[in-house]
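# Structural description and commentary
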Amino acid sequence: MLLNLLLNIPISTWAITAAITILVIILKRRYVSPISDIPGPLLASFSTLWQVYHLIKGHTEEEMIKLHKKMGSLVRVGINEVSVSHPDAVELILCADLDKGRWYGVFCFPDFNHINLMSELNHGRHLQKSRNVATGYAASKINGSERYVDAILEELESQFDRLSTSNSPIELDRWFNFFAFDVVGEVTFSKAFGFVETGTDIRNAIANTRALALYLAIMGHYVWLHNLTLGHPFLSRIGLQPSSHIFDTCLAAIDARKHNPEVRNDMMEQWLSARRKYPDLMEESEVFGAAVANIGAGADTTSATLQALFYYLLRNSKYLKKVRDEIEAVLGRGPYESVVSFEDASKLSYLQACIKESYRYHSATGTGLSRVVPAGGLSIDGHHFTEGVILSVNPWVFHRNPALFGEDCNEFNPERWLDSERAAQMNHYLLHWGAGSRKCPGRHLAHFEISKVAATLLRDYDIEQVDPETEWTFETHFTAVPYNWPCRLRRRPKQQHA
Ligand code: HEM
């Protein structure tokens, strides 16, 4: 009877009802919301499609810089999300032990049953997880892996020598990614994956990671849908999960590690021994989760920063010359027998300023780091946000703020870091690692790699872009990883001691 009645309603009535319902939802989201007074793009106030559109367009970071310039320190970027560029956001949002935004839930690999360090949203549970794995990431442990990292860097130079002898263009984006993946393998599992040695994208890990990046960034806004479909344990069981290459790479590395007689006191060992000591505080799956997080988070980011350093030095010859002069003055004129040690690279203060400027100028993550307002609310820049609102902080927006980094903040200028007093002030707002308890745990390893690679390659090679007029390409999904700027490398003549 009721069905008959419904079937007899004309289509035009259905269409008008649907249109009115949608309009009511739009108006409610736009005007009856605790953040309805925050300015922002109209579409963003009632639909996540605004964020999805900018993810697909590929330059969320540019759009956010533009919007904050126009609209001020609070910009509504979602139905329930506000981007904050006020300087207090570092303390009040990132360092305030808040839960992470739901968006990060998409980083459960291979499915929602596997919550790793990155995808753990709850602050309390995260704190325990991060304590459990902290020793593995400690700077002292990283330094202990130096000679193994040296071997990968030597292999990288052999590959560059081979390619430069045949005058082949070299795609630094690929090679830096190969290098960073291998270092994660070496430091986590006592064995490089073999990307540099074979010069190939093993199991298409890099291509797949790139393809996956956009999918994950978008599905972060629809985690429920991802969990019902491609993030569902059923698909991972039958091997159809889109991130299965990360999972498989990790499983294969763990398996190979079991049969490796030369296994060291690597990160994995640190984590396993933490679990042996405190079995009640650490679940076995956490060890696996931490390894997966390393594979997912440790390569693209490091490669992006290394690329930025070389790309902007090539485009700013006066800084390049100064770094070279410093390397020669501090490390001597060669001949050099081995790659530059981290200790020596750390003494190169001009190079270190260039690295810092690369962290600032092209931060590896270009979308907002999101956190949830806790019970009781949170006030910032004179505005009170109620519980449950998402507040996000975009490192690029901070780094392009003239009040924090100087009037020339839109230029690559490493010399802003040379005055130690000014550097100390700017350090507080340098957010390339994030800040607070969710700050990147891989930062010691990444900085160690970047310092060594930069000092060694700048010492040993003349580098130029095949076409210096062509700009690189990059899209910002979560990470902003450039590509498409082939270079030619030439061994610099070895000079004898004077
Ligand atoms: C230049 C290189 C790197 C950059 C710029 C970078 C940047 C970041 C940022 C910004 C976050 C914080 C995200 C947030 O607050 O929401 C993060 C988290 C993380 N990074 Fe890195 N990262 C780099 C290298 C690495 C490396 C080499 C590893 C592993 C060996 C790593 C592992 C992780 C993990 C596991 C997390 C999640 C931490 C958590 O939520 O507790 N990263 N990284």
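Residues numbered from 1 in each chain as written. Predicted model: local features only at pLDDT ≥ 70, side-chain atom pairs only at ≥ 80, totals over all residues. Heavy atoms only, no water.

By the naming in an unreviewed UniProt entry, the chain is Cytochrome P450, putative, taken from Talaromyces stipitatus. Its UniProt record gives the chain the following Cofactor (unreviewed entry) comment, quoted word for word: "heme". (UniProt positions renumbered as here; feature names shortened; annotations may be inferred.)

Moving on, we come to the coordination of the iron atom of the ligand. Coordination of the iron atom of the ligand by the protein comes from a single atom, Cys440 (SG), at 2.3 Å. Residue position: cysteine 440 is located in the loop between helix 24 (420–427) and helix 25 (443–460). (Donors = N, O, S within 2.8 Å, 3.2 Å for Na, K, Ca; no water. Helix = DSSP H or I, 4+ residues; strand = E, 2+ residues; numbered from the N terminus.)

To continue, consider unusual backbone geometry. Residues phenylalanine 109 and proline 110 are joined by a peptide bond in cis, for which omega reads 0°. Its place among the elements puts proline 110 in the loop between helix 6 (89–94) and helix 7 (123–137). In this structure, asparagine 167 is a non-glycine residue whose phi angle is positive, near 55°. In this structure, asparagine 484 takes a positive phi of about 70° despite not being glycine. Within the secondary structure, asparagine 484 is located in the loop between strand 7 (461–465) and strand 8 (487–491). With a relative accessible area of 44%, asparagine 484 lands in the partly exposed category. (Buried < 20%, exposed > 50% of the residue type's maximum accessible area, 1.4 Å probe, protein only.)

In the region of the ligand, 26 residues are neighbours, and Lys100, Tyr104, His126, Arg371 and Cys440 sit closest. One of the backbone N or O atoms of leucine 117 is found 3.3 Å from an oxygen atom in the ligand. At a separation of 3.1 Å, an oxygen atom of the ligand approaches a polar side-chain atom of arginine 438. Grouping the amino acids of the shell around the ligand by side-chain chemistry returns 13 nonpolar, 10 polar and 3 charged. (Near = heavy atom within 4 Å. Polar contact = N/O pair within 3.5 Å; in protein donor to acceptor, adjacent residues only side chain to side chain. Nonpolar A, V, L, I, M, F, W, Y, C, P; charged D, E, K, R; others polar.)

A complete count under the given rule lists 1 cavity of 30 Å³ or more for this structure. In this structure, the largest cavity is lined by Ile115, Asn116, Leu117, Lys129, Val133, Glu286, Gly289 and Ala290. Ranked by the residues each element gives to the lining of the largest cavity, the list is headed by helix 17 (residues 284–297), at 3 residues. Considered class by class, the residues forming the lining of the largest cavity number 4 nonpolar, 2 polar and 2 charged. (1 Å grid on protein atoms, 1.4 Å probe; cavity = no way out; pocket = protein on both sides within 12 Å on 5 of 7 lines; lining within 4 Å. Points joined across faces, edges and corners; volume = space filled by probe spheres on them.)

With that settled, consider the nonpolar core. One finds Trp271 and Phe385 to be the most contacted residues of the largest nonpolar core, which totals 131 residues. With 11 residues, helix 10 (residues 172–189) is the single largest residue contributor to this core. Apart from the residues lying within four places of it in its own chain, the contact partners of phenylalanine 385 are Ile35, Ile38, Leu74, Val82, Val373, Gly377, Leu378, Ile380 and Leu391. If you look at the next biggest cluster of nonpolar residues, it comprises 7 residues, including Ala44, Trp50, Met64 and Val77. (Core = buried A, V, L, I, M, F, W, Y, C linked by side-chain atoms within 4.5 Å. Contact = heavy atoms within 4.5 Å.)

Turning next to helix 25. With 18 residues, helix 25 should cover 26 Å at 1.5 Å per step; its first-to-last C-alpha distance of 25 Å lies within 8% of that length. The buried fraction of helix 25 is high, at 15 of 18 residues. (Expected span 1.5 Å × (residues − 1).)

Inspection of the entire model under this criterion finds 22 salt bridges. Close ionic contact of aspartate 161 with arginine 491 constitutes a salt bridge, the shortest N to O distance being 3.1 Å. Of the two residues, aspartate 161 sits in helix 9 (residues 146–165) while arginine 491 sits in strand 8, which places them 330 residues apart along the sequence. With a relative accessible area of 22%, aspartate 161 lands in the partly exposed category. On the basis of relative accessibility, which here comes to 35%, the residue arginine 491 falls in the partly exposed class. One salt-bridge network, held together by shared partners, links Glu157, Asp161, Arg459, Asp460 and Arg491. (Salt bridge = Lys/Arg side-chain N within 4 Å of Asp/Glu carboxyl O.)

This part covers helix 19 (residues 317–331). Over its 15 residues, helix 19 extends 21 Å from the first C-alpha to the last, a length consistent with the 21 Å expected when each residue adds 1.5 Å. Listed as buried for helix 19 are Tyr319, Leu320, Val323, Arg324, Glu326 and Ile327. Within helix 19, the buried residues cover an arc of 160° as seen down the axis, which keeps them to one side. Facing away from the buried side of helix 19, by more than 90 degrees, are the exposed residues Ser317, Lys318, Lys321 and Ala329. In this structure, the buried residues of helix 19 make contact with helix 18 (300–314), helix 21 (349–361), helix 25 and strand 7. (Arc of directions from axis to C-beta.)

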